[in-house]
Every structure is written in structure tokens, then in C-alpha cells.
Amino acid sequence: MTDELPGGLPELRASDADREQVCEVLRDALAEGRLDMAEFEERLEATYKARTYGELEPITRDLPVPGVTAPGPAVSMVKGPGGSGDWAGRIVGDSDSSSQWGVAVMSGFERKGHWTVPRRFNSVVFWGGGVIDLREANFAAGEVVVNCVAVMGGTQVIVPPGVEVVVRGIGIMGGFDHGQEGVPGEPGAPRVVVTGFAFWGGVGIERKVSRAERARLKEARRQEKVERRAERRGELEAGRD
């Protein structure tokens, strides 16, 4: 999805919305490992201090997304899939489906990051462990099935907030987690059906926000503290007057 911002020359003043879109690019870069925390915080501080397009443009110049470009009729930035509530474009159809299997025999496997969950994904774990992380994934359909077989091993399914989870698996001398059932999904969000069985093993299901969302929440808390300190300074200065 592309957001159009009012463009202009480098000396034109940037808006709060312009700064927030640069912050979103930085959060995505942090989540993808393109920036470490020190670089993220340094650029974030520069973003909030920026007053013009000319000051904003260098902050995302070396990142692989369109940043704020001062000259020209418009400034465009591309947003990738986000956390909960951002489902547009994440149901991509079968043509983009990736691997349909995860297998671990006396070993482990992970499916995480930006990948496409097929209509049916099969996981087999024997004396091992598997992680199926759907927080940053796209989906081949509005309903996908994650079939988990865990024998003397364990599989962890991680879903983002907002998706509906239906559990149809069973545990035989093992455990199959039903704790995430009953939570209604957000409009437009996919439905994840977890099925299979666990024998002397376990299948766990948990909800977690993505790294980008955690970074956003952390930054929101930091910015709230900055604003509170600014308000206190303003009150003290007003008292002296």
C-alpha cells in the first residue's frame, strides 16, 4: 500500500504525519535486522527533531524502501505488512504459497519472518522441535490449516493478535493447547485452524505481537515520557513568569 504525502522543496516544513511515516519505516528496518537498537534510537531522535523535508530525507536514504523525498510533486512511502489490524494485502492467494512442510527428526525447524502460509501447512516433529511463526506472514487464503504431528517432541505455533484460532487437535499422553480458542478475529483477518495430534509431546499456541509492533509500542511509551517532561518544563517556566 502506498501513502501519498504532500511534497515540496527541501526547505518546506514537514508535518507530524510525515515524521510518523519515517518512524514506521525505521520500525520495520529494526524488525528486519537492518538497524540495531542504537541506530534505531539515533535516527528516531533525529526524526522527531526534523522540521523540514530536507532534514527528513537522509534518515531513510540507505533503507530499501522509498523514503521521504523532498523535491518533486509528491512524497511516497511503501508500508509492508504490520501487526494486528493491518490485514490488507496479507491474503495473497495460492500463487505465492511457499513450502507446505516443516519436518524435524531429532532436530528442529523454524518458519518465521516474511513467508506465505499455504492453505494447508504440515508439521511433523519426532524427538525434536518446531516453531511456526505467523506474525509477519502472508496467507494463501482467508482460512488456513496448520496440521501438527508431535511425537516425543514439541511444536510451537505463534499467531498475531487479531486472528481467529480454531483448535481441532488432540493429545495422547501429551498436550494440545486449546487456550487461544474463543477469541473473535478482527474484520478481514485470516482464520487459523490448528489440527493434528501430540503423542508423548506437545503442541502449544500463543499470541504475540511482532518485533516491529513491540518497537512501535516501546517508542510510543518513550515519546509519551518525552511529552510529559516537556509539559512539566513548560509548567515550571510558566510558574517562574
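This text goes with the structure placed above it.
Keep in mind the model is a prediction, meaning the values are calculated, not measured.

Colleague: Would you explain the sheet that holds strand 10 (residues 154-159) in this entry?
Modeller: In any sheet, the strands associate via hydrogen bonds between backbone groups, in a parallel or an antiparallel arrangement. Here five strands make up an open sheet; going across it, the order is 4-7-10-15-13 and the pairing parallel. Of all the strands in the sheet, just strand 4 (108-111) and strand 13 (175-176) have a single pairing partner and so form its edges. As defined by bridge partners, strand 7 (residues 129-133) adjoins strand 10 across five bridges and the pair is classed as parallel. Bridging from a neighbouring strand, Gly130 pairs with Thr155 of strand 10.

Colleague: Sorry if this is basic, but what is going on with the packing of aromatic side chains here?
Modeller: The description of an aromatic ring pair rests on the distance of the ring centres and on the angle between the ring planes. Taken as a whole and judged by the stated rule, the model has three aromatic pairs. With centroids separated by 5.5 Å and ring planes inclined at 70°, the aromatic side chains of Trp115 and Phe121 adopt a geometry described as edge-to-face. Phe121 carries the same exposure label as Trp115, and that label is buried. A ring pair is formed by Phe126 and Trp127, whose centres lie 5.7 Å apart and whose planes are at 0°; its orientation type is stacked.

Colleague: Is there a simple way to explain unusual backbone geometry in this structure?
Modeller: What you tend to see is this: most non-glycine residues have negative phi, and most peptide bonds are trans. Positive phi, close to 50°, is recorded for Met106, a residue that is not glycine. Its place among the elements puts Met106 in the loop between strand 3 (101-105) and strand 4. Despite not being glycine, Met173 shows a phi value in the positive range, around 55°. Residue classification places Met173 among the exposed residues on the basis of a relative accessible area of 59%.

Colleague: Where do I start with the nonpolar core in this structure?
Modeller: In globular proteins that are soluble, nonpolar side chains generally tend to be buried together. Membership of the largest hydrophobic core comes to 27 residues, with the highest contact counts inside it found for Ile132, Leu134 and Val194. At the level of elements, strand 6 (120-126), strand 9 (143-151), strand 10, strand 11 (164-167), strand 14 (191-199) and strand 15 (202-207) are the ones that each hand at least two residues to this core. With four residues, strand 9 is the largest single contributor of residues to this core. Not counting residues up to four positions away in its chain, the partners in contact with Ile132 are Phe109, Arg111, Trp115, Phe121, Ser123, Val146, Cys148, Thr155, Gln156, Val157 and Ile158. Of all hydrophobic cores here, the second largest spans 13 residues; its members include Val22, Val25, Leu26 and Leu44.

Colleague: Help me understand helix 2 (residues 37-49) in this model?
Modeller: Given 3.6 residues to a turn, an α-helix orients residues that are three or four positions apart in the same direction. An ideal rise of 1.5 Å per residue puts 18 Å on 13 residues; helix 2 measures up with 18 Å between its terminal C-alpha atoms. Looking only at helix 2, the buried set comprises Phe40, Arg43, Leu44 and Thr47. Summarising the axial view, the buried residues of helix 2 lie within an arc of 105°, below the 170-degree limit, and thus occupy one face. When the buried face of helix 2 is taken as reference, the exposed residues oriented beyond 90 degrees from it are Ala38, Glu42 and Lys49.

Colleague: So what exactly am I meant to see when it comes to the environment of Gly89 here?
Modeller: Within the fold, Gly89 resides in the loop between strand 2 (74-78) and strand 3. Between the alpha carbons of Gly89 and Phe139 there is a distance of 9.2 Å; along the sequence they are 50 residues apart.

Colleague: Whenever I open this one, the environment of Lys208 confuses me. Can you help?
Modeller: Tracing the backbone shows Lys208 in the loop between strand 15 and helix 4 (211-240). Considering only alpha carbons, one finds Lys208 and Val159, 49 residues apart in sequence, at a separation of 6.4 Å. When sequence neighbours within four positions are dropped, the list of residues in contact with Lys208 reads Arg135, Ile158, Val159, Pro160 and Pro161.

Colleague: Even after reading the chapter, I still don't get a positive patch on the surface, so can you show me in this structure?
Modeller: Positive charge collects at one region of the surface, where Lys218, Arg221, Lys225, Arg229, Arg232 and Arg233 lie side by side. Note that Lys218 resides in helix 4.

Colleague: Looking at this structure, how should I read the pairing of strand 10?
Modeller: The two faces of a sheet get side chains in turn, since along a regular strand they alternate between them. Sheet topology note: the strand 10/strand 15 ladder contains six bridges and is parallel. If you follow Gly154 over to strand 15, its bridge partner there is Gly202.

Colleague: I'm lost on a nonpolar patch on the surface in this one. Help?
Modeller: On the surface, a cluster of nonpolar side chains totalling about 640 Å² of accessible area is made up of Trp101, Val103, Val105, Met106, Phe126 and Trp127. Here the element with the most residues in the nonpolar patch is strand 3; it accounts for three residues. Position of Trp127 relative to the elements: it lies in the loop between strand 6 and strand 7.

Colleague: What is the right way to read the pattern of salt bridges from this model?
Modeller: As a working rule, side chains carrying opposite charge can pair if their charged atoms are close by. Following the criterion strictly, the structure yields eight salt bridges and no others. Taking the shortest distance from any N to any O, the salt bridge between Glu164 and Arg191 comes out at 3.6 Å. Of the two residues, Glu164 sits in strand 11 while Arg191 sits in strand 14, which places them 27 residues apart along the sequence. A residue is classified by how much of its surface remains accessible, and Glu164, at 30% relative accessible area, is partly exposed. Among the ionic pairs, Glu206 bridges to Lys208, the shortest N-O distance being 3.8 Å. Judged by relative accessible area, Lys208 falls into the partly exposed class, the value being 34%.

What counts, and where the lines are drawn
- Residues numbered from 1 in each chain as written.
- Predicted model: local features only at pLDDT ≥ 70, side-chain atom pairs only at ≥ 80, totals over all residues.
- Heavy atoms only, no water.
- Pairing = 2+ DSSP bridges.
- Helix = DSSP H or I, 4+ residues; strand = E, 2+ residues; numbered from the N terminus.
- Phe/Tyr/Trp six-rings, centres within 6.5 Å; stacked < 30°, edge-to-face > 60°.
- Buried < 20%, exposed > 50% of the residue type's maximum accessible area, 1.4 Å probe, protein only.
- Core = buried A, V, L, I, M, F, W, Y, C linked by side-chain atoms within 4.5 Å.
- Contact = heavy atoms within 4.5 Å.
- Expected span 1.5 Å × (residues − 1).
- Arc of directions from axis to C-beta.
- Patch = residues over 30% accessible without salt bridge, like charges linked within 9 Å, V, L, I, M, F, W, Y side chains within 5 Å.
- Areas by Shrake-Rupley, 256 points an atom, 1.4 Å probe, with all protein chains shown as cover.
- Salt bridge = Lys/Arg side-chain N within 4 Å of Asp/Glu carboxyl O.
- Lys, Arg positive; Asp, Glu negative; His and termini not counted.
- Charge placed at Lys NZ, Arg CZ, Asp CG, Glu CD.

These values are about where atoms sit, not about what they do.
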